[in-house]
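What the coordinates show
Here's the letter readout for the chains.
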Amino acid sequence: RNELGITNKPVVEECAAACDALSTCVSFEYKRSSTACQLSSTCDRFDLTLNEVGNSYHWYLKVNDEVAISENPTPYAYLWLLDDLNGREVTSPAGVTSTNYYIGYNTGGCVGRNELLVTTKPVVEECAAECDKLSACVSFEYKREATNCHLSSTCNDLSLTVNEVGNSYMWYERANSYTGHATTGGNAYLWLMETPTSSPTMSPVTLEPTSIEPTCLRDGNGYIGVTQSGVKYALNSAVLEKCYSGLVGLQVKNSNANAWAGSIETSVDGGVSYTPMVCKDNCTPVGDSTASIVVDGDGNGDRAVKCLNGDTCTL
């Protein structure tokens, strides 16, 4: 039942995208240890398939109108193609109780960060299952047109990857919560590794990131405290842009282990131009520019200027 064509796609996500492009496509098959992609206009029920565990093909049923099938008879994976993800947040699919999932990027992984395992797996789902077994596993890479499976304990941010569209590796970031999870970049897919007892009834959707106006409190040292919490920011987004009169200094602090990194700059001409501040107290190196700074509640942040261990740093 491959009426709509047989082609080759380097990763299963691209086979799914080919089915997505055809309104008559109801399902597709993707061959283990190969790149064969077969599109069908009639194979629309599980009872029409061979139903052989270990078959050389994986079968993927397409569900329209953002409704995920609620009677999945197999304990395998759900795949969603999420378009235009840059800076958006992924909501949880309705009906899902599990919180373990992966966001896959087609832009390559981290160089030399395969600390946990280098192996081969016939399909990407089995590579994900290996990562699932290890609590220290934060991501994995799967090679296009091959079966290489690399597990990492440190490749936990897109900024650490090569970020090259068309790279020979796909990179899959492991996430343990849908709540406010902001994706980065636009070439991403979402895999949900599930069991039949926790089948989704509605697919995830992507939303614009939540915006919360900072709260301001004056302390006894002449500083106005600007608190920002409960928000995740997309790459290259502005966290705070405010105007103050008589500004002579700035203090920054992070109370948790989710580091913030970026630049801290000031403008005296109404935003026409900006100049980085400099590290003055409790940050290192003192006197260096805050064009690149990390603010972290623990001690593992890595930027040119560091404000670590929950310290209050003066700029």
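Above this note sits the structure.
Residues numbered from 1 in each chain as written. Predicted model: local features only at pLDDT ≥ 70, side-chain atom pairs only at ≥ 80, totals over all residues. Heavy atoms only, no water.

1. Looking at the overall build of the protein chain
Across its full length, the protein chain carries 2 helices and 23 strands. Considering the protein chain as a whole, with its 315 residues, one finds that 38% of them fall into the buried category. Pairs at least 24 residues apart make up 65% of the contacts formed inside the protein chain by residues separated by at least 6 positions. As displayed, the protein chain offers around 16700 Å² of accessible surface, 48% of which is attributable to carbon and sulfur atoms. (Helix = DSSP H or I, 4+ residues; strand = E, 2+ residues; numbered from the N terminus. Buried < 20%, exposed > 50% of the residue type's maximum accessible area, 1.4 Å probe, protein only. Contact = heavy atoms within 4.5 Å. Areas by Shrake-Rupley, 256 points an atom, 1.4 Å probe, with all protein chains shown as cover.)

2. Things to note about the side chain of Glu-141
Take Glu-141: it is sitting in strand β9 (residues 139-143). Here Cys-110 takes part through its backbone nitrogen, which lies 3.2 Å from a polar atom of the side chain of Glu-141. Beyond its immediate chain neighbours, meaning those up to four positions away, Glu-141 contacts Gly-109, Cys-110, Cys-127, Asn-148, Cys-149, His-150, Tyr-169, Met-170 and Trp-171. (Polar contact = N/O pair within 3.5 Å; in protein donor to acceptor, adjacent residues only side chain to side chain.)

3. A word on the pattern of salt bridges
Scanning the model with the defined rule gives 3 salt bridges in all. A salt bridge links Asp-47 to Arg-45; the nearest nitrogen and oxygen atoms lie 3.0 Å apart. For Arg-45, a relative accessible area of 43% gives the class partly exposed. Close ionic contact of Glu-130 with Lys-133 constitutes a salt bridge, the shortest N to O distance being 3.0 Å. Remark: Lys-133 and Glu-130 occur in helix α2 (residues 124-133); sequence separation between them is 3 residues, near one turn of the helix. Given a relative accessible area of 16%, Glu-130 falls into the buried group. According to the relative accessible area criterion, Lys-133 is exposed, its value standing at 60%. It is possible to trace a salt-bridge network through shared partners that takes in Lys-121, Glu-130 and Lys-133. (Salt bridge = Lys/Arg side-chain N within 4 Å of Asp/Glu carboxyl O.)

4. A few points about the sheet that holds strand β4 (residues 57-61)
Reading across the sheet, the 4 strands line up as β1-β3-β2-β4 and stay open at both edges, with antiparallel pairing between neighbours. In this open sheet, the two strands that pair with only one neighbour each are β1 (5-8) and β4. Each adjacent strand pair in this sheet contributes to an overall mean axis angle of 20 degrees, direction not counted. On the sheet, helix α1 (residues 12-20) packs against β2 (27-31), β3 (36-40) and β4 and is oriented at approximately 155 degrees with respect to β2. (Pairing = 2+ DSSP bridges. Axes fitted to C-alpha atoms, helices over the stretch in contact; angles between N-to-C directions.)

5. Considerations on the pairing of strand β11 (residues 169-175)
A regular strand carries its side chains on alternate faces of the sheet. Buried residues dominate β11, accounting for 7 of its 7 residues. By the alternation rule, side chains of β11 split into Tyr-169, Trp-171, Glu-173 and Ala-175 and Met-170, Tyr-172 and Arg-174, which are all buried. Bridge analysis of β9 against β11 gives 5 bridges, and the strand direction is antiparallel. Bridged to Ser-139 within β11 is Glu-173.

6. Some remarks on the sheet that holds strand β21 (residues 293-295)
On the basis of which strands lie adjacent, the open sheet formed by 3 strands has the order β18-β21-β22 and mixed pairing. Each edge of the open sheet is held by one strand with a lone partner, namely β18 (260-262) and β22 (305-307). Taken over all neighbouring pairs, the strand axes of this sheet differ in orientation by 10 degrees on average, direction set aside. Relative to β21, β18 is paired through 3 bridges, and the arrangement is antiparallel.

7. Some remarks on the state of the cysteines
Simply put, the disulfide is a covalent bond whose two ends are the sulfur atoms of two cysteines. With the rule as written, the count across this model stands at 7 disulfides. Note on cysteine connectivity: Cys-15 is disulfide-linked to Cys-37, with sulfurs 2.0 Å apart. For the disulfide bridge between Cys-15 and Cys-37, the dihedral angle about the S-S bond is near 85 degrees, and by the sign convention the bridge is right-handed. Taken as a pair, Cys-15 in helix α1 and Cys-37 in strand β3 lie far apart in primary sequence, 22 residues in all. You'll find Cys-15 and Cys-37 in the same group, each marked buried. A sulfur-sulfur separation of 1.9 Å characterises the disulfide bridge that pairs Cys-110 with Cys-155. With the S-S dihedral at roughly 70 degrees, the linkage between Cys-110 and Cys-155 falls on the right-handed side. Residue Cys-110 is located in the loop between β7 (101-105) and β8 (117-120), and its partner Cys-155 is located in the loop between β10 (148-152) and β11; the two are separated by 45 residues in the primary sequence. For Cys-155, a relative accessible area of 0% puts it in the buried group. (Disulfide = S-S within 2.5 Å.)

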